[in-house]
Amino acid sequence: MQDELLFNRPLVEKYDRPGPRYTSYPTAPQFHTAFAEDDYRAAAERSNRVASPKPLSVYVHIPFCKSLCYYCACNKIITHNTDRAAEYLAWLEREIEVQGALFDDSRRMTQLHLGGGTPTYLSNAQLGELMAALDDAFHFAPPEAREFSLEVDPRTVSPIQIHELHALGFNRLSFGVQDFDPEVQKAVNREQSEAQVVELVEAAREAGFQSVSVDLIYGLPLQTVASFDATLDKIIALRPDRIATYSYAHLPELFKSQRLIRPEDMPPPERKLELLELTIHRLTEAGYVYIGMDHFALPDDELSLARENGTLQRNFQGYSTHADCDIIGLGITAIGKVGDTYSQNVKETAQYQHRLESGRLPVMRGYRLNDDDRLRRDVINALMCHGRVDFADIEGRHDIVFRDTFAEALEQLTEMADDGLIAIREDALEVLPAGRLMMRNLAMAFDAYLKPEENRYSRTV
């Protein structure tokens, strides 16, 4: 993969259009309700019978938050009533028990991610209860083989609690910072001090966490180049192992909470590109490696090393070094990937409870891949993770002639080749430095389901 990253403003503007993020292929809009609980159970059974069953990865969705961040498009429940979380945890443990029975005891759980909402809405005692249930059902791999992470709202934990989280078995933390500017924080109803974050990052290092990540968002109301530069100064000084810099997608017609943001506070469209250019410049200058799709990491981080040696992978949780697992999604809206299938749980807590009460899994919809899906998924993953598609490799795995099968896609990509974003060689398609920001646009050419008029997605840059 090309090491350089080139920000070409005219080309970025040209290709900045709506498109999927490709955490899966086919993407979630293709999931359907004809895929039901019996399909999921059959997929789990098939996954146990393969010659070398994959290790297990578990995603747990904790939907609760104590306050509403106006920019948030996640599935969440805003409440100060902690009894609701306790009740949810009880049903979650029931799902864990039912799911655990589907997978052979010999398989080990190597990856865990708690997302939300706010996972740290749960007390550490409740998180300990959850971890014990997960270990009983899915059998944790040895500590050295685990990647156990959770998202942390700095407003919800103390340094002592950070140490307790490490003792519970977590070895990776992701802190939601978004922006340090007080006016920006006020505009999105997420006020937290720099001192809070610094204290928690230091506690995480003292506790022995293998990796500390920080999430930022650019394109928020009242952000300026100068204000975000000041935030980047502070983040670079903290030196987290990984930094995720997400582009804010302002879609108030889809997400009610975003209507609380004053339209006059929103930055003009060109500001987002200025902020992206600034972020790339500052972070790469500070020694961070651009992994792809919003993610940066220090050169000695596992993601950087995986990108360098060609083992980087991608799944619903983003870029990973442990992505070749069967993924079990737990909790409302959680998405899983077992064998050649995807599945998603119901969205409402009442539905979730009702399904489990009646002894059923809360699977709402899903999808089973066909041969063409698997082929296109391999091509898209090669692009997104390695910046190169080796034609012979794909031909050997799928018994096709690449240029024949993908003649239409290659034709679509000629303009990007003419613009210097990619090179279409005799034996491979390679992403050039100016094209690394347009990975989603490249993947769209190989998406058999994408309709040109679709506008359900965030912008690609």
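Everything here concerns the structure above.
Notes on the structure in this doc start here. Values in this document were obtained by computation on a predicted structure and should not be read as measured data.

The rules behind the values
- Residues numbered from 1 in each chain as written.
- Predicted model: local features only at pLDDT ≥ 70, side-chain atom pairs only at ≥ 80, totals over all residues.
- Heavy atoms only, no water.
- Core = buried A, V, L, I, M, F, W, Y, C linked by side-chain atoms within 4.5 Å.
- Buried < 20%, exposed > 50% of the residue type's maximum accessible area, 1.4 Å probe, protein only.
- Contact = heavy atoms within 4.5 Å.
- Helix = DSSP H or I, 4+ residues; strand = E, 2+ residues; numbered from the N terminus.
- Salt bridge = Lys/Arg side-chain N within 4 Å of Asp/Glu carboxyl O.
- Disulfide = S-S within 2.5 Å.
- Axes fitted to C-alpha atoms, helices over the stretch in contact; angles between N-to-C directions.
- Parallel < 35°, antiparallel > 145°, perpendicular 65-115°, else oblique.
- Left-handed = near helix turned anticlockwise from the far one by under 90°.
- Nonpolar A, V, L, I, M, F, W, Y, C, P; charged D, E, K, R; others polar.
- Arc of directions from axis to C-beta.
- Polar contact = N/O pair within 3.5 Å; in protein donor to acceptor, adjacent residues only side chain to side chain.
- Pairing = 2+ DSSP bridges.

A look at the nonpolar core
Generally speaking, nonpolar side chains in soluble globular proteins are found buried as a group. Core analysis: the largest hydrophobic core is formed by 125 residues, its most contacted members being Leu 134, Phe 138 and Phe 446. Setting aside its immediate chain neighbours within four residues, Phe 138 contacts Leu 56, Val 58, Ile 96, Gln 99, Gly 100, Phe 103, Arg 107, Arg 108, Met 109, Ile 328 and Leu 330. Within the second largest apolar cluster, 10 residues are counted, among which are Cys 69, Tyr 71, Leu 220 and Tyr 248.

Comments concerning unusual backbone geometry
Residue Pro 26 is bonded to the preceding Tyr 25 through a cis peptide linkage, with omega at -5°. Checked against the element boundaries, Pro 26 lands in the loop between helix H1 (9–15) and helix H2 (37–49). At the junction of Gly 116 and Gly 117, the peptide bond is cis and its omega measures out at 20° in the coordinates. The phi angle at Asn 189 is positive, at roughly 60°, despite the residue not being glycine.

Some thoughts on the pattern of salt bridges
A side chain with one charge can pair with a side chain of the opposite charge if their charged atoms come near. Scanning all chains against the criterion turns up 31 salt bridges. A salt bridge links Arg 425 to Glu 430, with the nearest nitrogen and oxygen atoms 3.1 Å apart. Taking the relative accessible area as the measure of exposure, Arg 425 reaches 36% and is therefore partly exposed. What emerges from the salt-bridge pattern is a single network uniting Arg 46, Asp 340, Arg 368, Asp 371 and Arg 374.

Some details on the state of the cysteines
All chains considered together, the criterion is met by 0 disulfides. Looking at the unpaired Cys 74, the closest cysteine sulfur is the one in Cys 72, lying at 3.8 Å. For the unlinked cysteine Cys 385, the closest cysteine sulfur is that of Cys 325, found at 14 Å. Exposure remark for Cys 385: the relative accessible area of 2% places this residue in the buried category.

Overview of the environment of Gly 208
Here Gly 208 lies in the loop between helix H7 (194–207) and strand S7 (211–218). The class for Gly 208 is partly exposed, based on a relative accessible area of 39%. In the structure, Gly 208 is positioned 68 residues away from Leu 276 in sequence and 32 Å away in space, judged by C-alpha atoms.

Some details on the packing of helix H12 (residues 371–386) against helix H13 (residues 391–398)
Contact geometry of H12 with H13 gives a least axis separation of 11 Å together with a crossing angle of 155°. Here H12 lies roughly antiparallel to H13, going by the angle between them. Handedness of the H12/H13 crossing: right-handed. Each of Arg 374, Leu 375, Asp 378 and Val 379 in H12 lies in contact with H13, whose residues at this interface are Ile 394, Arg 397 and His 398. Considering only residue class, the contact of H12 with H13 consists of 3 nonpolar, 1 polar and 3 charged.

A closer look at the packing of helix H8 (residues 225–238) against helix H9 (residues 269–285)
It is at 10 Å that the axes of H8 and H9 come closest, and there the two elements cross at 25°. Judged by the inter-axis angle, H8 sits roughly parallel to H9. As H8 runs across H9, the sense of the crossing is right-handed. Where H8 approaches H9, its residues Val 225, Phe 228, Asp 229, Leu 232, Asp 233 and Ile 236 are matched on the opposing element by Arg 271, Glu 274, Leu 275, Leu 278, Thr 279, Arg 282 and Leu 283. A class-by-class count of the residues in the contact of H8 with H9 yields 7 nonpolar, 1 polar and 5 charged.

What about helix H10 (residues 302–309)?
The complete set of buried residues in H10 reads Leu 303, Ser 304, Ala 306 and Arg 307. Down the axis of H10, the buried side of the element spans an arc of 165°, and every buried residue falls inside it. H10 presents Glu 308 and Asn 309 as exposed residues on the side facing more than 90 degrees away from its buried surface. Structurally, H10 contributes buried residues whose contacts are with strand S8 (242–247), strand S9 (289–292), strand S10 (295–297) and strand S12 (318–320). At the N-terminal end of H10, a side-chain oxygen is found 2.9 Å from the backbone nitrogen of Leu 303, two or three residues along, and the residue is Asp 301. At the C-terminal side of H10, Gly 310 shows a positive phi close to 85°.

Points about the sheet that holds strand S19 (residues 428–431)
Read across the open sheet, the 3 strands follow the order S17-S19-S18; overall the sheet is antiparallel. In the strand order of this sheet, the two ends are held by strand S17 (388–390) and strand S18 (422–424), each with one partner. Taking each pair of neighbouring strands and ignoring which way they run, the sheet shows an average axis angle of 10°. The sheet contact formed by S17 and S19 spans 3 bridges and is antiparallel. Each residue of the ladder has a partner; that of Arg 388, found in S19, is Glu 430. Its contacts with the sheet put H12 on S17 and S19, and the angle it makes with S17 is roughly 135°. Relative to S17, H13 is tilted by about 55°, and along the sheet it contacts S17 and S19.

Brief notes about the environment of Tyr 40
Relative to the assigned elements, Tyr 40 resides in helix H2. On a C-alpha basis, the gap between Tyr 40 and Tyr 342 in space is 8.5 Å, while along the polypeptide they are 302 residues apart. For Tyr 40, the contacting residues outside a window of four places in its chain are Phe 35, Gln 99, Leu 102, Phe 103, Ile 328, Val 338, Ser 343, Leu 361 and Val 363.

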